[in-house]
Amino acid sequence: MALSNIAAGLEVTAEQQEYGVATVDDTGRDLRERLAPFGDALPCETDAAVTIVETHASGTSVGESARRAGVAPMTAAKTLHLLGVRGISPLSSIGHELIEDWLSANCSRSEALALSGANETEFALATFIETHEQLDGAAEVLESALAMNGDAAVEKRDALAETMSDVGDLL
């Protein structure tokens, strides 16, 4: 079987589907109203948090989201973590284990920092993530308020399953 047979029917597009962000959920309350109860626990104003969440959810980097909200990138990353957004930490799970070892006095900070391969800023953010729990209920607020048009992960899984089935038929 040639590669051309496997790739038959595949096409490359120059467009990416734009999902956008829904800023009003099914309760009729906008994201600012939904985040207001968490305002005192966030490292920035609620309006800045709304900007951070909306821009990050649309695929913008944490740094660019911070710039648009008028806050430091570290503040934006902390805000996203506290609100339950996953994937904010710059360290791997091993890096987080090193921080846990440092926090439990099993190694020195300098050892944990060196072994993690992180710079000071990355290490500080990962330490914040390890020492601060996400706010109760915040992830659910974001999930419902930022509902997208379909679930991209499910769509990718289904497309891959279909492709693998087609490849299996060719074999």
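Cut-offs applied
Residues numbered from 1 in each chain as written. Predicted model: local features only at pLDDT ≥ 70, side-chain atom pairs only at ≥ 80, totals over all residues. Heavy atoms only, no water. Helix = DSSP H or I, 4+ residues; strand = E, 2+ residues; numbered from the N terminus. Buried < 20%, exposed > 50% of the residue type's maximum accessible area, 1.4 Å probe, protein only. Areas by Shrake-Rupley, 256 points an atom, 1.4 Å probe, with all protein chains shown as cover. Arc of directions from axis to C-beta. Contact = heavy atoms within 4.5 Å. Phe/Tyr/Trp six-rings, centres within 6.5 Å; stacked < 30°, edge-to-face > 60°. Lys NZ or Arg CZ within 6 Å of the ring centre and 35° of its normal.

(A) Layout of the overall build of the protein. A count of helical and extended segments in the protein gives 10 helices and zero strands. Put simply, the protein runs from its N terminus to its C terminus through helices and strands in the order α-α-α-α-α-α-α-α-α-α. Split into buried and exposed, the 171 residues of the protein put 31% on the buried side. Per element, the accessible surface of the protein, about 10700 Å² overall, is 51% carbon and sulfur.

(B) Region of the structure containing unusual backbone geometry. Residues other than glycine seldom take positive phi values, yet Ala105 does so here, at roughly 65°. Mapped onto the elements, Ala105 comes out in the loop between α6 (93-103) and α7 (109-116).

(C) How the structure looks around α7. Within α7, the full set of buried residues consists of Ala112, Leu113 and Ser116. Down the axis, α7 shows its buried residues gathered within 100° of arc, on one side only. Turned more than 90 degrees off the buried face of α7, the exposed positions are Ser110, Ala114 and Leu115. Where α7 is buried, its residues contact α6 and α8 (120-131). Just downstream of α7, Gly117 is the residue with a positive phi angle, here 75°.

(D) Summary view of the packing of aromatic side chains. Here the structure, examined in full by the defined rule, presents one aromatic pair. The interplanar angle of 45° and the centroid separation of 5.6 Å between the aromatic rings of Trp102 and Phe123 together place this pair among those described as tilted. Of this pair, Trp102 sits in helix α6 while Phe123 sits in helix α8, and the two are 21 residues apart along the sequence. According to the relative accessible area criterion, Trp102 is partly exposed, its value standing at 23%. With a relative accessible area of 1%, Phe123 lands in the buried category. Lying across the ring of Trp102, Arg109 places its NZ or CZ 5.9 Å from the centre.

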